[in-house]
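Notes for the structure review
Here are the chains, one letter per residue:
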Amino acid sequence: MPNTTLTADVIAKAALAVLDNEFGWLNKMHRVYEDEYSETVNGYKKGATISIRRPADFTVRTGPVASAQDVIEGKVPLTIDQQIGVDFKFTSTELTLNVNQLTERVIKPAMVNIVNHVGNDILTQAYRGVYNAVGTPGQAINSFADFARGPERLDDMAVPSSDRYSVMVPNDFWNMVGSQTTLGGSRASDGAYRKGTLGDVGGISTYMTQVMPRHTVGVATGTPLVNGAAQSVTYDTAKNTWTQTLNADGWTASIAGILKAGDVFTIANVFAVNPKTKAVLAHLQQFVVTADVASTGGGVGNPVISPPIIVSGPHQTVSAAPADNAVITVMGTGGQIFNQSLVMHKNAMALAVVPMEKPDGAVNVSRHSHNGISVRLIPTYDGVNDVSNWRLDLLYGSKLIDPRLATRMSGTP
């Protein structure tokens, strides 16, 4: 391609192509809501919101006598609240380039940084809201048996077997690659050894990410106990947040971070149930702390938790409400920092990347959309220094819409 004066339109198209190619596992997320934002030709400003319906559920009647059930649907807001971008400048001489040279030198590094930022933001939000967790914190996933515990938990929770994918930290990913090289002459071992790829494992698409956040467990000391019985709630009260407050005491007194957002714990004799049959499962129900918790001088610390404790009906989450003074056991040790990977169904999280408006007064604005991704590029010229300043923006929103469809994974000793 010969050298030419590159325009905003050319650069925006090149940036979009790179961004689309780098999106990787982000394209596995639920993306259907972009059409609702994109109905206006002028794009959207930061702050637009739509409501995603949490589906109703029902119990099955036995026998001929009808028993009408209320149809109760929750709503989860998805807000376009993240505007990010990369800004750069070129001299007029640099703008007379081969577009392929510009893509390699400038556009690709910029787009990779944008994708990494979006990925880290989404994964941070995801793991802090996901309560199902398997394995031992601090242990790498280094065998098929370790990996299989994740999809096994999804099966326990009646998650559809199709459209599942896994996002793995480098330590877990490369340990799994190493485990596949011992399979002896199989396609899996050849791909793992020669190309460093995993492909599908147990029908699950696998991806490696360098931006998965590590979790730091809160102080989590003391002898924490449930403070009071009858702490269950109804689905109608929790349908929009999928959370509740749990009264607890026995923590070490006066600690600012006795629990951290993303901490997981269990309660003695409170077991998980199959969401469809309500059969009691073999493992205790896990709860995730959704916001940092401080303990009082008396050792009281009342976390907001997910899922809510619902003991009956179509949205039942547990086998029984916790008893007064039931023991609380936090996953991991106080202050421990550990890696974690995720396996999830595509409907666990939603992502919307929407077209931004072309502001009045801006000249030569270029905006392009493809495959549910949209970028906007605005140039401004500095005539004193003969420099063109460029701002490239991306506007998106994401939401963990159904934490039941995801599981955090660690290995086993």
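Just above sits the structure.
A few points on the structure.

Cut-off values and rules
- Residues numbered from 1 in each chain as written.
- Predicted model: local features only at pLDDT ≥ 70, side-chain atom pairs only at ≥ 80, totals over all residues.
- Heavy atoms only, no water.
- Phe/Tyr/Trp six-rings, centres within 6.5 Å; stacked < 30°, edge-to-face > 60°.
- Buried < 20%, exposed > 50% of the residue type's maximum accessible area, 1.4 Å probe, protein only.
- Lys NZ or Arg CZ within 6 Å of the ring centre and 35° of its normal.
- 1 Å grid on protein atoms, 1.4 Å probe; cavity = no way out; pocket = protein on both sides within 12 Å on 5 of 7 lines; lining within 4 Å.
- Points joined across faces, edges and corners; volume = space filled by probe spheres on them.
- Nonpolar A, V, L, I, M, F, W, Y, C, P; charged D, E, K, R; others polar.
- Helix = DSSP H or I, 4+ residues; strand = E, 2+ residues; numbered from the N terminus.
- Contact = heavy atoms within 4.5 Å.
- Arc of directions from axis to C-beta.
- Pairing = 2+ DSSP bridges.
- Salt bridge = Lys/Arg side-chain N within 4 Å of Asp/Glu carboxyl O.

1. Things to note about the packing of aromatic side chains
Applying the stated criterion across every chain, the model contains three aromatic pairs. When the ring of Phe173 is compared with that of Trp174, the centres are 5.4 Å apart and the planes differ by 85 degrees; the resulting orientation is edge-to-face. According to the relative accessible area criterion, Phe173 is buried, its value standing at 7%. Judged by its relative accessible area of 46%, Trp174 falls in the partly exposed class. For the cation-ring pair, Arg404 lies above Trp242, with the distance from its terminal atom to the ring centre recorded as 5.3 Å.

2. What about empty space enclosed by the protein?
Applying the stated criterion across every chain, the model contains three cavities of 30 Å³ or more. Of the volumes computed, that of the largest cavity is approximately 100 Å³. Around the largest cavity sit 14 residues that line it, and Met157, Pro275, Gln316, Thr317 and Arg404 are the ones nearest its centre. Of the residues that constitute the lining of the largest cavity, the class distribution is seven nonpolar, four polar and three charged. Here the second largest cavity is characterised by a volume of approximately 50 Å³. Forming the boundary of the second largest cavity are Ala133, Val134, Val264, Met331, Phe338, Gln340, Arg408, Met409 and Ser410. Only strand E6 (133–134) and strand E24 (406–409) provide two or more residues apiece to the lining of the second largest cavity. For the lining of the second largest cavity, the class distribution of residues is six nonpolar, two polar and one charged.

3. Let's talk about the environment of Thr91
Relative to the helices and strands, Thr91 is located in strand E4 (residues 82–91). Expressed as a C-alpha distance, the spacing of Thr91 and Asp382, which sit 291 residues apart in the sequence, is 9.6 Å. Aside from chain neighbours lying at most four places away, what touches Thr91 is Asp386 and Val387.

4. Comments concerning helix H5 (residues 170–180)
When we look at burial in H5, the residues that qualify are Asp172, Phe173, Met176, Val177, Ser179 and Gln180. One side of H5 carries all its buried residues, which in axial view fall inside an arc of 160 degrees.

5. Comments concerning the sheet that holds strand E15 (residues 280–289)
Read across the open sheet, the five strands follow the order E12-E16-E15-E14-E17; overall the sheet is antiparallel. Looking at strand neighbours, the two that pair on one side only are strand E12 (244–245) and strand E17 (328–330), the edges of this open sheet.

6. Observations regarding the pattern of salt bridges
Across all of its chains, the model carries seven salt bridges by this definition. Put simply, Lys13 and Asp9 hold a salt bridge, and the shortest N to O gap is 3.4 Å. With Lys13 and Asp9 both in helix H1 (residues 8–22) and four residues apart, the pair spans about one turn of that helix. Among the charged side chains, a salt-bridge network with shared partners connects Arg376, Arg391 and Asp393.

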